[in-house]
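Results of the structural survey
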Amino acid sequence: MSVSVEVRNLSISFGAGAHAVKVLPGVTFSVERGECFGLVGESGSGKSTVLRCLSLLTDFWSGEVLIDGRSVRDMPLIERCRTLQMVFQDPYGSLHPRQSVRTVLNEPLVIHKLGDREERMRRAITDVGLPISFLDRFPHQLSGGQRQRVAIARALILEPSLLLLDEPTSALDVSVQAEILNLLQRLRYERGFTYIMVTHDLAVVDHMCDRFAVMLRGEVTEILPHEAIARNGASHPYARELIGASLDYEGIR
Amino acid sequence: MEKTILDVQNLRIRYGGSTTEAVRGVSFTLGRERLGIVGESGSGKSTVGRALLRLLPGATITADMLRFDEVDLLSLSEKEMLKVRGRRMSMILQDPKFSLNPIRRVGDQVAETYLRHFKCSRREAHEKAVAMLEAVKIRDAERVFKQYPHEISGGMGQRVMIAMMLLADPDLVIADEPTSALDVTVRLQVLTILDSLVRDRGIGLIMISHDLNLVRNFCDRVLIMYAGKVVETLKAVELDQARHPYTQGLLAAQPRIGGTRQPLAVLDRRPEWLEENA
Ligand SMILES: Nc1ncnc2c1ncn2[C@@H]1O[C@H](COP(=O)(O)OP(=O)(O)OP(=O)(O)O)[C@@H](O)[C@H]1O
Ligand SMILES: Nc1ncnc2c1ncn2[C@@H]1O[C@H](COP(=O)(O)OP(=O)(O)OP(=O)(O)O)[C@@H](O)[C@H]1O
Ligand SMILES: [Mg+2]
Ligand SMILES: [Mg+2]
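So, here is what we can say about the structure in this document. Keep in mind that this is a model prediction, so the values were computed, not measured.

Here is what the cut-offs are and how they apply
Residues numbered from 1 in each chain as written. Chains lettered and ligands numbered in written order. Predicted model: local features only at pLDDT ≥ 70, side-chain atom pairs only at ≥ 80, totals over all residues. Heavy atoms only, no water. Helix = DSSP H or I, 4+ residues; strand = E, 2+ residues; numbered from the N terminus. Contact = heavy atoms within 4.5 Å. 1 Å grid on protein atoms, 1.4 Å probe; cavity = no way out; pocket = protein on both sides within 12 Å on 5 of 7 lines; lining within 4 Å. Points joined across faces, edges and corners; volume = space filled by probe spheres on them. Nonpolar A, V, L, I, M, F, W, Y, C, P; charged D, E, K, R; others polar. Near = heavy atom within 4 Å. Polar contact = N/O pair within 3.5 Å; in protein donor to acceptor, adjacent residues only side chain to side chain. Areas by Shrake-Rupley, 256 points an atom, 1.4 Å probe, with all protein chains shown as cover. Buried area = accessible area lost by both parts, 1.4 Å probe. Salt bridge = Lys/Arg side-chain N within 4 Å of Asp/Glu carboxyl O.

In this section: the environment of E219(A). Counting through the fold element by element, E219(A) comes out in strand β10 (residues 219-225). Among all residues touching E219(A), those that are not within four sequence positions of it are P25(A) and V214(A).

Pasting the structure below:
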């Protein structure tokens, strides 16, 4: 099952009156069925905010978000959860401190009345490279990267068609990152998952994404195919600077 | 690295209620240099950092030596430790937003670090805090000063932690993934600030990171940890000549710009890696 995403003029302000700050003035992009779309850009430019708006975690935005042509606001909650899931930037904040990993993974299965729960949980935890015994641990007993993998397992367990991934692998060592990225690729080919992925690592974008948007202060400066990274084919000055800096950082130039 | 700031010998850490050790005999010394620690997720990197600051309630810490300057960290009372922690030895924690108090304004927390360690007026502390937020390249520092932790971005949170550390002006900094949420441009600017602390002020810096490009270009030496042990120590510039199969596997698993987009190489973790010594 594959879905497309259409974001039109997404705009949001935080705060009221004279203190209001427009964080996104009007973001527009579209993602095809089964595409992996990257969001990169300046820290604080609004990447996580875009994902939070798409998933309606923040809902006081204006503009349109269409999933397979249908407004995300018109989807009943249960259907929305089955369609899209999000992996958060800071896994500590997104895992309940007093819930064991088992509870975290079991809850969505109960809510959505899915069977074979034990089997599904075991597969999800194994898929992200953790031993099954970790089902009985609590978040504070896990390392940063282990928490992140639990968050990924929680998002995958409902087999959503659209995954919103906020820095999914920046807390992982590159060997575990490789396993997670390979898993995401495989799911994409096997089940047609669509991804929107925020990352600061342009090598990950080049490896995973078809196209990517470069954000600066709430605006999409440019949307580029992944091939544009290696030859720095950007035309917007900020996008050029960011790609150039990444090439230097990798020691490529 | 003429002077040794930190001397760690045979450090072992066991979490309360756990049957195995999370850290199994780690030894290293640190001079006025940038020491990188890379390693497997869950290998004990953050645990080592927290043990140095004795931030591990309920865990059992033993070592043949755990010395910071002239201070024996193991025999220090909690009261004496309070004078060392934060002021002389500072850690930038891996989960910035979790480490901040969620119901207090970010800027007040930064200003408080300064007030805690130096005698000055609230107003002065406020000014220092804003200036430091600007120094770590936070746009619109006055606005961010007034925000709560849940209102700032991931990379802003990391920079707030760095600003707090900078204000305390310590001699030893343990930075746990301090720049992973920063775009490359800002990351390089922040690394330059950390670099100048080592070069100009002569502090010791431990940099825990998964970013191989970062440790290769920014650190002097690198420890590689696997399952609670240091399996290899390398000069950073010689990272690519690593001998241990775990380190070699890491290098091979890294995606690269202009790569083939074929599945990435994954590690075949060998049981014997658990046993060997560096
Ligand atoms: N609830 C909120 N209230 C006020 N301001 C907010 C809120 N949430 C986000 N912001 C502001 O919106 C801007 C964008 O934040 P966002 O987290 O989307 O950035 P980002 O691009 O994900 O950055 P990073 O790469 O550092 O994670 C920031 O200036 C932030 O302070
Ligand atoms: N409070 C605790 N109780 C029991 N085990 C713990 C506790 N905290 C951490 N651990 C375990 O100790 C090991 C080392 O954790 P640590 O956080 O030091 O790893 P790390 O090397 O920093 O990993 P990462 O790169 O993922 O952050 C992990 O296997 C973790 O599950
Ligand atoms: Mg973010
Ligand atoms: Mg850690």
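Moving on from the model shown.
Turning our attention to empty space enclosed by the protein. Evaluation of the coordinates by the stated rule reveals four cavities of 30 Å³ or more. Its boundaries defined by the atoms lining it, the largest cavity holds a volume of some 410 Å³. As for the largest cavity, its lining consists of 32 residues, and the residues nearest its centre are S170(A), Q177(A), D201(A), R187(B) and D211(B). The class makeup of the residues in the lining of the largest cavity is 14 nonpolar, 12 polar and six charged. Estimates place the volume of the second largest cavity at around 250 Å³. The wall of the second largest cavity is formed by 16 residues, among which Q89(A), D90(A), Q94(B), Q158(B) and S180(B) lie closest to the centre. Mapped onto the lining of the second largest cavity, the elements with two or more residues apiece are α3 (96-99) and α7 (154-168) of chain B.

Moving on: the site of ligand 2. Surveying the vicinity of ligand 2 reveals 20 residues, the closest of which are S143(A), G42(B), K45(B), S46(B) and T47(B). Two or more chains meet at ligand 2, and those chains are chains A and B. One nitrogen or oxygen atom from the main chain of Q141(A) is found 3.0 Å from an oxygen atom belonging to ligand 2. Between an oxygen atom of ligand 2 and a side-chain N or O atom of S41(B), the distance comes to 2.9 Å. Computed on the free molecule, ligand 2 has an accessible area of 640 Å², of which 88% lies beneath the protein chains in the complex. Going through the elements one at a time, α6 (144-156) of chain A together with α1 (45-52) of chain B are the ones with two or more residues in the shell around ligand 2.

Moving on: the site of ligand 1. Lining the immediate surroundings of ligand 1 are 21 residues, of which S43(A), G44(A), T49(A), S153(B) and G155(B) lie closest. Site remark: ligand 1 is flanked by residues from chains A and B. In this structure, G46(A) approaches ligand 1 through a main-chain N or O atom, which is 2.9 Å from an oxygen atom. One of the backbone N or O atoms of E151(B) is found 2.9 Å from an oxygen atom in ligand 1. In isolation ligand 1 offers 640 Å² of accessible surface; the protein chains occlude 90% of this area. Only α1 (47-54) of chain A together with α7 of chain B provide two or more residues apiece to the shell around ligand 1. Looking at the shell around ligand 1 residue by residue, the classes come out as five nonpolar, 12 polar and four charged.

Next up on the list: the interface of chain B and chain A. Taken residue by residue, the interface counts 47 residues in chain B and 51 residues in chain A. The junction of chain B with chain A conceals about 3800 Å² of combined surface from both sides, 55% of it contributed by carbon and sulfur atoms. The largest share of the area that chain B buries against chain A comes from R139(B), I257(B) and R261(B), three residues that together contribute 21% of it. If you look at where chain B meets chain A, you find three salt bridges. For R261(B), the salt bridge identified is with D210(A), shortest N-O distance 3.7 Å. Linking chain B with chain A are 21 residue pairs in polar contact (both at pLDDT 80 or more), by the criterion used here.

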